[in-house]
Amino acid sequence: MKLSRRNALLAGATGLAAAPLLAASAAAQANPARTMRDGESAPPGVAGRDYRPVITPDGAALPYRIQGGVKIFHLVAEEVEHEFAPGLVGRCWGYNGRVHGPTIEAVEGDRLRIYVTNRLPAPTTVHWHGLVVPSGMDGVGGISQPSIRPGETFVYEWTLRQHGTFMYHSHHDEMTQMALGLMGLFIAHPRRPQGPRADRDYAYLLSEWQMHPGASRPDPNAMEFNLLTFNARAYPGTSPMLARTGERVRIRLANLSAMDHHPIHIHGHVMTVTETDGGPIPQSARWPETTVLVPTGSSRTVEFIADNPGDWAFHCHMTHHVMNQMGHGIPNMTGVNARRIDRAVGAILPHYMTMGHDGMGDMGPHVESGHMPVPGNSLPMVGAQGPHGYVTMGGMVTLLKVRNRLPADGSHPGWYDDPPGTRARIARAEELTRDGVDPAAPPRP
Amino acid sequence: MKLSRRNALLAGATGLAAAPLLAASAAAQANPARTMRDGESAPPGVAGRDYRPVITPDGAALPYRIQGGVKIFHLVAEEVEHEFAPGLVGRCWGYNGRVHGPTIEAVEGDRLRIYVTNRLPAPTTVHWHGLVVPSGMDGVGGISQPSIRPGETFVYEWTLRQHGTFMYHSHHDEMTQMALGLMGLFIAHPRRPQGPRADRDYAYLLSEWQMHPGASRPDPNAMEFNLLTFNARAYPGTSPMLARTGERVRIRLANLSAMDHHPIHIHGHVMTVTETDGGPIPQSARWPETTVLVPTGSSRTVEFIADNPGDWAFHCHMTHHVMNQMGHGIPNMTGVNARRIDRAVGAILPHYMTMGHDGMGDMGPHVESGHMPVPGNSLPMVGAQGPHGYVTMGGMVTLLKVRNRLPADGSHPGWYDDPPGTRARIARAEELTRDGVDPAAPPRP
Amino acid sequence: MKLSRRNALLAGATGLAAAPLLAASAAAQANPARTMRDGESAPPGVAGRDYRPVITPDGAALPYRIQGGVKIFHLVAEEVEHEFAPGLVGRCWGYNGRVHGPTIEAVEGDRLRIYVTNRLPAPTTVHWHGLVVPSGMDGVGGISQPSIRPGETFVYEWTLRQHGTFMYHSHHDEMTQMALGLMGLFIAHPRRPQGPRADRDYAYLLSEWQMHPGASRPDPNAMEFNLLTFNARAYPGTSPMLARTGERVRIRLANLSAMDHHPIHIHGHVMTVTETDGGPIPQSARWPETTVLVPTGSSRTVEFIADNPGDWAFHCHMTHHVMNQMGHGIPNMTGVNARRIDRAVGAILPHYMTMGHDGMGDMGPHVESGHMPVPGNSLPMVGAQGPHGYVTMGGMVTLLKVRNRLPADGSHPGWYDDPPGTRARIARAEELTRDGVDPAAPPRP
């Protein structure tokens, strides 16, 4: 066996407790197998690491070991009980006990060997999306290789010649298998990084699901979706991003949604788009955005300076994508199904809502208070309690918390406390008078 | 009271007839409160104005006054009866009696104070989309601030540090509230404009609605849409854009549609994309387009020289978005609902149309002539009478009228009269003979 | 008659057998009327040609003749029986016996005269999408011209002042007429080409259809689609692209789908986006991509060096767009219609599939073997037999075949034979041991 001490130190392998030839406990300490949280900029105790790991909020990095100069990974496709948000668990297909699969990280020039074990009831493959590999390593079932049958372990091997943000996913019966969760991020770090170094480097995989309320199995035949996720988590189940004021933040957004191109909007900042899954965008070609469109099957990397302290929403701007399950397809009046247009023609619609006479904003609190019943295993349409009342958002939403100082232990800071005079507030009567504003007689342009 | 004569001249405030401390009649003359039309490049009589206003076709500018060096605006969220096009009125939610809300215009460096009164039956907020504001002014209900309850007036205040095309919209129960119309444009003019000056500067807000035929209330739960609008107007209800030959035209396209990224196509010209809601695109990074994709939650500014006289269609290129209400979801044969696929499987479909044996093109005239009944308060599927027959378009469509000279009174010129030899026409028999064209024996490549 | 011998040689006209004044047989040989295949880089025997034709896989070029210095084309709109893939024929509307219409090719500076005969039962027009033409030649029914009535032949004429990838399509009742197929590619070659010359120049028109299983008429009212095509062909009915290793490949992607912006993904290569239908993108502004989003109503031209031998998938990345008809809208369990959410609420869903207990991957072979009945005139959901088993893809999918050498006769090479050691394969027991991989105890990050 060729595993040198140096290799063991480099490996960062973990969870290989049963691996026959590796001193697992040391390795497990070297790269503990758990969800990365902000502040863990690199797994502790790993000497000689040649890259700065990304943070996959609510995700994890796939451990590896180095053997004979080759970086060795082991993916296992299997059924996974996955919590999308507190209260909603799905029976999905993932890798290594996770949905989505753990993030693979490697460095330009690395020789990679990736074992894939199929513990699913159906054949599968893995495609390395955006990565230039030999034809036979491309993972397209039937064309590149026979699909991996249940119980089999396949091996993929190639030399990494790119850097950037890529993905891996099933490329066999992909409509079904990707809808159930078989995907993950693949980060290729540059051997010689160029340009300014990111102080925070976040990575997200965007996906979408149809979870019929009360069901536990995503519906892979659906062409409409009611559960929209960042790293397979729906708000309020998403962990926030953190940054100190003045830091350069990089966010990698990769999209493997079935159908949608998600426009991801940031509050309080302007981003520059720096990379696609085709590689870096030349400096001369970069666009500024506050909303970056991430087409499905693409990645977009954005960077910005976090110069504005606060709690900033970061979310898809499609309004149905910032709602959870029950906000969609609801009849908009009692006794008439809005989809049955034959009945609707000619009818004069009365008040348009059966649930919430004035919108959905007050539904979440009703659900939480128990005043409104919901099916088991489901989410209310909206949100969570915030510092100033109920937040009427769900789904593809997270927060960026920018602070002049962050907790030393890497934990999330509480809600932002605005300095005096910098929060919207009820206007005082004397202000209205001073400024000539009469709420009863608004300007009518 | 600190309103000086100079401030009153600068203010351009209007509609504030009941405002206690302002001499309203003079101000109303300074910036008359009505829909902007082409030719009104700036409200008349406003001295010292430091920007050239945009034109919001079928929209209006929100008046302001200047008080103590602060530009003061007053938005009032309220229910509005809004005409989308002649024949179709919706009970929407808007601002200051308009849907969408009036366009806010300000200049980089301005100190802004914006009062927001809530006259809706539900709580709301206002988010300044794309604008970098202090955290507490960001308008996300529950996170940035408590939502504004019915009857309350809130005040937002910050210094404008950007220029470009932005939006404002509700960020509380946004799926419902934006679907009902709570949005508007926010134009930030540069303090020191760079590059060539636009001779015409148009601004559009794109949105989409589900108005069940015969209903008057938009359906906020819908994920499909049958009413597509430029500045909340559907063709043939959209006012045209005007330009003189040789003028530089800027068009600002901001999209707050619930779900769709609209590809906006221009006829007769090639546009350059110059800005996003993140700011100006560097000259080196600009793309030429005849169709610019405007992702929802984004803005795209385009510029071009209007060098081609004529009446040019300007429209979304999604074919269902250039139809009005009744063109969607119609069963495609008598007695069989196309959506109930269980019945359709195995059936051999006969002729595919119940309405219009050869398409929808002849439906509009049938409706207009009274030969085909439609529900009250609804639009025929298509279009309007044009100079050469019925125009089979509706929805997200307008016209750009380019002329060597325009009416001096700012009114719309009539239809374009093509010079001899520049219009498609019936071929003459001798041409067919000369050119070897036999309609009965076409080339069969 | 002014048809000189030189003109006849230049013409490349064909299919004009009944054209009264042209020696049709010679012309037909000069530019034979048939589907272009790779290797036919130019129609044989055409002297004086001033451009290198594109290849429209599964399509054809529209013949032309030159008369008095004018390039003369003849389009005939008519009903066409079109095969989307073996087993699925649609009654569509096309041009000159084809769906989509033949590709028009011309050169910057050409004077063009295009006759359009309407053999449809409905009025129509032709719009030259992206091309700057005089107002009256723009083809918008009712605005630019009266629509062309059944039996009429219209004539369009203008001078081509652009180069790039454009389209033509009906602009009268476009929702219906484009849904039935009335569209084609228009390639404008530069008079003085700049930059590196493409060794292979492919052109695709993307479109989408709703063909209810068993039906033969596309449904023009549909807003969802179950048949996704490259040049009106669905995989496995799409011909592959070919390239020799080291060649520069250009692919022109134009999209006239009703509703969707297609993200087209390439395997094994990184592409650069070089043009839109607005013209060339400046070198400084170009983005690298492995997935290029082609908004509907747009074209995107990409280029890359084919430096990676193999059989590479080239496809839309929306997962429902790589399935054929039957993969959509299927109830996901017996007896419960997933669309009738009123019934679904509160139900605990059992196993989620009525068709295929573990996905769709095994449905295709079942259909092909006759074990599963399908309606007449329909496609199984998936795919085709590949070199390594069944390929579970359909729809908007084709292949790029890169080889060190290609068959001399222009025919398609067989499946790629990977060199030893470059294909994913079952791992051997000793490898698992050597590399410390235990399939029974995977890493659990």
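Residues numbered from 1 in each chain as written. Chains lettered and ligands numbered in written order. Predicted model: local features only at pLDDT ≥ 70, side-chain atom pairs only at ≥ 80, totals over all residues. Heavy atoms only, no water.

1. Concerning the overall build of chain A
The helix and strand inventory of chain A stands at six helices and 24 strands. For chain A, the proportion of its 445 residues judged to be buried stands at 69%. A fraction of 72% describes how many contacts in chain A between residues 6 or more apart in sequence connect residues 24 or more apart. As displayed, chain A has an accessible area near 13600 Å², and 53% of this comes from carbon and sulfur atoms. (Helix = DSSP H or I, 4+ residues; strand = E, 2+ residues; numbered from the N terminus. Buried < 20%, exposed > 50% of the residue type's maximum accessible area, 1.4 Å probe, protein only. Contact = heavy atoms within 4.5 Å. Areas by Shrake-Rupley, 256 points an atom, 1.4 Å probe, with all protein chains shown as cover.)

2. Quick word on the relation of the copies chain A and chain C
In this arrangement, two copies of a chain are superimposed by a rotation about an axis accompanied by a shift along the axis. Rotating chain A by 120° and translating it 0.0 Å along the rotation axis places it on chain C, where the RMSD comes to 0.0 Å. When the rotation and shift are considered jointly, the pair of chain copies conforms to a three-fold rotation axis. Among all C-alpha atoms of chain A, that of A285(A) lies closest to the rotation axis, at 2.4 Å. Mapped onto chain C, only 8% of the interface residues of chain A are again interface residues, and the two copies thus contact each other with different surfaces. (Least-squares fit on C-alpha atoms with pLDDT ≥ 70 in both.)

3. A look at the relation of the copies chain B and chain A
Superposing chain B onto chain A takes a rotation of 120° plus a shift of 0.0 Å along the axis, which leaves an RMSD of 0.0 Å. Counting the interface residues of chain B, we find that no more than 8% of their copies in chain A are interface residues as well, pointing to two distinct contact surfaces.

4. With respect to the interface of chain A and chain C
Each partner contributes residues to the interface: chain A has 99 residues there, and chain C has 87 residues. Summed over both partners, the interface of chain A with chain C buries about 7500 Å², with 60% contributed by carbon and sulfur atoms. Broken down residue by residue, the surface that chain A buries against chain C is led by I143(A), M175(A) and M223(A), which jointly contribute 10%. E289(C) is the salt-bridge partner of R300(A), the closest N and O atoms lying 2.9 Å from each other. On inspection of chain A and its partner chain C, the count reaches 36 residue pairs in polar contact (both at pLDDT 80 or more). (Buried area = accessible area lost by both parts, 1.4 Å probe. Salt bridge = Lys/Arg side-chain N within 4 Å of Asp/Glu carboxyl O. Polar contact = N/O pair within 3.5 Å; in protein donor to acceptor, adjacent residues only side chain to side chain.)

5. Examining the sheet that holds strand β18 (residues 291–294) of chain B
Residue and element names in this part refer to chain B. Strand order in the open sheet formed by five strands is β12-β23-β20-β14-β18, with mixed pairing between adjacent strands. Edge strands, defined here as strands with exactly one partner in the open sheet, are β12 (241–244) and β18. Averaged over all pairs of adjacent strands, the angle between strand axes in this sheet comes to 20°, irrespective of strand direction. Bridge analysis of β12 against strand β23 (residues 397–403) gives four bridges, and the strand direction is parallel. Looking at β23, one finds that M241 is bridged to L400. (Pairing = 2+ DSSP bridges. Axes fitted to C-alpha atoms, helices over the stretch in contact; angles between N-to-C directions.)

6. Description of the pairing of strand β10 (residues 200–209) of chain A
Residues and elements named next belong to chain A. Across the ten residues that make up β10, a large majority, ten, are buried. Of the two faces of β10, the one holding R200, Y202, Y204, L206 and E208 and the one holding D201, A203, L205, S207 and W209 are both buried throughout. One ladder, built from seven bridges, connects β10 with strand β13 (residues 247–255); its direction is parallel. Counterpart to Y202 in the pairing with β13 is I251. Relative to strand β11 (residues 227–230), β10 runs antiparallel, the two being bridged by four bridges. By the bridge assignment, S207 is partnered in β11 with T229.

7. Examining the nonpolar core
Within the largest apolar cluster, 108 residues are counted, with the highest numbers of intra-cluster contacts made by I264(A), L253(B), I264(B) and I264(C). Look past the residues within four positions of I264(B) in its chain and what remains in contact with it is L206(B), F230(B), L253(B), M271(B), T290(B), T291(B), V292(B), V294(B), F314(B), H315(B), C316(B) and M396(B). (Core = buried A, V, L, I, M, F, W, Y, C linked by side-chain atoms within 4.5 Å.)

8. Some points on the interface of chain B and chain A
The interface of chain B with chain A comprises 99 residues on the first partner and 87 residues on the second. Summed over both partners, the interface of chain B with chain A comes to about 7500 Å²; 60% of that surface belongs to carbon and sulfur atoms. Summed over the shared surface of chain B and chain A, the result is three salt bridges. Between R444(A) and E78(B) there is a salt bridge, and its shortest N-O distance comes to 2.5 Å. One can count 35 residue pairs in polar contact (both at pLDDT 80 or more) joining chain B with chain A. Split by residue class, the side of chain B that touches chain A holds 47 nonpolar, 36 polar and 16 charged. In the sheet, strand β24 (residues 425–426) of chain A pairs with strand β7 (residues 153–159) of chain B via two bridges, with the strands oriented antiparallel. Each bridged residue has a counterpart across the sheet, and for R425(A) the counterpart in β7(B) is V155(B). (Nonpolar A, V, L, I, M, F, W, Y, C, P; charged D, E, K, R; others polar.)

9. Observations concerning the sheet that holds strand β23 (residues 397–403) of chain C
Residue and element names in this part refer to chain C. Taken in spatial order, the five strands line up as β12-β23-β20-β14-β18 in an open sheet, and their pairing is mixed. Because the sheet does not close on itself, it has two edges, and the strands there are β12 (241–244) and β18 (291–294). Neighbour-to-neighbour, the strand axes of the sheet open up by a mean angle of 20°, direction not taken into account.

10. Notes on the pairing of strand β14 (residues 262–266) of chain A
All names here are of chain A. Counting buried positions along β14 gives five out of five residues, so the element sits mostly inside the fold. As defined by bridge partners, β14 adjoins strand β18 (residues 291–294) across four bridges and the pair is classed as antiparallel. Counterpart to H262 in the pairing with β18 is V294. Judged from the three bridges that link them, β14 and strand β20 (residues 310–316) form a sheet pairing that is antiparallel. By the bridge assignment, H265 is partnered in β20 with H315.

11. Topic: the environment of V80(A)
Residues and elements named next belong to chain A. Relative to the helices and strands, V80 is located in strand β2 (residues 70–85). Here V80 falls in the buried class, since its relative accessible area comes to 6%. Residues V80 and G94, spaced 14 residues apart in sequence, show a C-alpha to C-alpha distance of 5.9 Å. Discounting residues that sit within four places of it in the chain, V80 has contacts with G90, R91, C92, G94, G97, R98 and V99.

12. Section: the packing of aromatic side chains
Under the defined criterion, the tally for this structure stands at 33 aromatic pairs over all chains. Aromatic side chains Y204(A) and F230(A) sit 5.0 Å apart centroid to centroid with 50° between the ring planes, which places their arrangement in the tilted category. A residue pair is termed long-range when its members are at least 10 positions apart, and Y204(A) in strand β10 and F230(A) in strand β11 qualify at 26 residues. Under the relative-accessibility criterion, Y204(A) is labelled buried at 2%. What makes F230(A) buried here is its relative accessible area of 1%. Between Y95(C) and Y168(C), the ring centres sit 5.3 Å apart and the planes meet at 65°, which makes this aromatic pair edge-to-face. (Phe/Tyr/Trp six-rings, centres within 6.5 Å; stacked < 30°, edge-to-face > 60°.)

13. Let's talk about the side chain of D438(A)
With respect to the helices and strands, the residue D438(A) is situated in the segment after α6 (429–435). Of note is the side chain of D438(A), whose polar atom sits 2.9 Å from the backbone nitrogen of A440(A).

14. Overview of the side chain of K401(B)
Residue and element names in this part refer to chain B. Locating K401 in the fold gives a position in strand β23. Classification of K401 by relative accessible area gives buried; the value is 5%. Reaching out from K401, the side chain makes a polar contact with the backbone oxygen of P413 at a distance of 3.4 Å. A distance of 3.1 Å separates the side chain of K401 from the backbone oxygen of G414, its partner in a polar contact. Ignoring any residue separated from it by four or fewer positions in sequence, one finds K401 in contact with P240, M241, L242, A243, G310, D311, P413, G414 and W415.

15. Overview of the confidence of the model for chain A
Residues and elements named next belong to chain A. Counting all residues, the mean pLDDT for chain A is 82, and 77% of those residues have values of 70 or more. With pLDDT under 50 throughout, residues 1–48 is counted as low confidence; its partners more than four residues away or in other chains account for 96 contacts. ipTM for the predicted complex: 0.85, alongside a pTM of 0.86. (pLDDT = per-residue confidence, 0-100.)

16. Brief notes about the state of the cysteines
For the structure on display, the rule yields zero disulfides over all chains. With no disulfide of its own, C316(B) has C316(A) as its nearest cysteine by sulfur position, at a separation of 18 Å. Assessed through its relative accessible area of 0%, C316(B) is described here as buried. (Disulfide = S-S within 2.5 Å.)

17. Describing unusual backbone geometry
The step from Y235(A) to P236(A) runs through a cis peptide bond, and the omega angle for that step is 10°. As for its position among the elements, P236(A) is in the loop between β11 and β12 (241–244). Cis geometry is found at the peptide bond from V99(B) to H100(B), where omega equals -10°. Backbone geometry at N231(B) places phi at a positive 45°, although glycine is not the residue there. One can find N231(B) in the loop between β11 (227–230) and β12. When its relative accessible area of 5% is taken as the criterion, N231(B) is described as buried.

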